[in-house]
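The residues making up each chain are set out below.
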Amino acid sequence: MNKKSYSNVILVVDDSPESLSFVNDTLEEAGYDVLVALEGKQALTIARRIRPDMILMDAIMPHKDGFDTCRELRAIPELSSIPVIFMTGLTDSGSVVRGLEAGGVDYLTKPINPEELLARMTVHLSNARLTSSAYNALDSTGQHLFSVDTQGHILWATPQTLALFARAGASESWQKTELATALNDWLSPPSPRQRQSEQTLVLTVTSKNGPLTQEKRLTVAFIRHINGEEKLLKLSEANESSGEELLREKLELTKRESEVLTWISQGKTNWETAQILQMSPRTVNKHLEQIFKKLNVQNRTAAARIALSILERD
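Draft legend 1. Quick look at the packing of aromatic side chains. For the structure shown, the criterion picks out 4 aromatic pairs. For the ring pair Phe67 and Phe86, a centre distance of 5.2 Å and an interplane angle of 45° mean the geometry is tilted. Of this pair, Phe67 sits in helix 3 (residues 66-74) while Phe86 sits in strand 4 (residues 84-88); the two residues are 19 residues apart in sequence, bridging distant segments of the chain. The buried category is assigned to Phe67, whose relative accessible area is 0%. Judged by centre distance (6.0 Å) and plane angle (70°), the rings of Phe146 and Phe165 are edge-to-face. Taken together, the residues span a long stretch of sequence, with Phe146 in strand 6 (residues 145-148) and Phe165 in helix 6 (residues 159-167) at a distance of 19 residues.

Draft legend 2. How the structure looks around helix 9 (residues 243-251). Those residues of helix 9 not exposed but buried are Gly243, Glu244, Leu246, Leu247 and Leu251. Down the axis of helix 9, the smallest arc covering the buried residues is 160°, so these residues share one side. Within two residues after helix 9, Glu252 carries a phi angle of roughly 55°, on the positive side.

Draft legend 3. Structural detail: the environment of Lys176. Assignment of secondary structure puts Lys176 in helix 7 (residues 172-187). The exposed category is assigned to Lys176, whose relative accessible area is 53%.

Draft legend 4. Spatial organisation of the packing of helix 9 against helix 10 (residues 255-265). Two elements in contact, helix 9 and helix 10, have axes whose closest approach is 8 Å; the angle formed by their N-to-C orientations is 120°. The angle between helix 9 and helix 10 places the two elements in the oblique class. Seen along the crossing, helix 9 lies across helix 10 with a hand that is right-handed. On helix 10, the residues that touch Gly243, Glu244, Leu247, Arg248 and Leu251 of helix 9 are Lys255, Ser258, Glu259, Leu261 and Thr262. Here the contact of helix 9 with helix 10 is built from residues that sort into 3 nonpolar, 3 polar and 4 charged.

Draft legend 5. The arrangement of the pairing of strand 4 in detail. Burial analysis of strand 4 places 5 of its 5 residues in the buried class, which makes it a mostly covered element. Note: strand 3 (residues 54-58) against strand 4, 4 bridges, orientation parallel. Considered in strand 4, the bridge of Met57 is made with Phe86. With helix 3 bridging strand 3 and its parallel neighbour strand 4, the resulting β-α-β unit is right-handed. Where strand 4 and strand 5 (residues 106-109) come together, 4 bridges link them in parallel fashion. Paired with Thr88 across the two strands is Thr109, which belongs to strand 5.

The rules we used
Residues numbered from 1 in each chain as written. Predicted model: local features only at pLDDT ≥ 70, side-chain atom pairs only at ≥ 80, totals over all residues. Heavy atoms only, no water. Phe/Tyr/Trp six-rings, centres within 6.5 Å; stacked < 30°, edge-to-face > 60°. Helix = DSSP H or I, 4+ residues; strand = E, 2+ residues; numbered from the N terminus. Buried < 20%, exposed > 50% of the residue type's maximum accessible area, 1.4 Å probe, protein only. Arc of directions from axis to C-beta. Axes fitted to C-alpha atoms, helices over the stretch in contact; angles between N-to-C directions. Parallel < 35°, antiparallel > 145°, perpendicular 65-115°, else oblique. Left-handed = near helix turned anticlockwise from the far one by under 90°. Contact = heavy atoms within 4.5 Å. Nonpolar A, V, L, I, M, F, W, Y, C, P; charged D, E, K, R; others polar. Pairing = 2+ DSSP bridges. Right-handed = clockwise from strand over helix to strand, strands pointing away.

Right under this line is the structure:
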């Protein structure tokens, strides 16, 4: 097997010394840095200390099995995006479903085929890097964005979102209880399209500052599904107009055109904009062509200048 150059750290969790040794040798030969754990609790400790890029998890282990370990991992915000591939001798469809429901991205049955393992790892590591790049792009934009799981618990948030929660007096406890309950109710069936695409959720945060009681109203808008378990939302102060809304109103753009122009005006490339808005770079180009026509400009720089003048003035 040819040695390749990787910079990824892989955590292998397995209580079988033979299996652990085999996978370890396969990964090291392929150029990966390998961490090992013999059971779930130890795996969580290592992951908190040295965040791995991927975890290969045995499903059946003593004390804490791989399914429970994966669920706990998904509940830790800073570790929740790590891709987990299950490795197990269980071949029944129920076990496969159980692994995926616990948060695994893939499922390999033992005995492990080295070529298949490395091929699947490459795919999932690439997907994880794209997701990370998109989140990093969002982090740098100054947008009040955050994502939640199916129960309404926050998985990720931009620094600006956390700062707005803090200014509103929305404590971490409030976010985990009242906010999560409100989001869960709002994002649940029977009418997800109406709840998510056509409405916003208005929240009232009540906090005490000494003898004074402060009330702050926040608005949550649904942006899109990231995957089956995660939804991207936007936070704002109630009655605050978003940049997209301002551009849509003043420049007579469509919703999608205003979204594209907002990100372009903030220095994002077509590729970055496509990743953020979950469309292809070609679609971004098509929207830009329509924007240029409507604004009577020739290039993205001129369009961005017009957008910035509106956003800064308002």
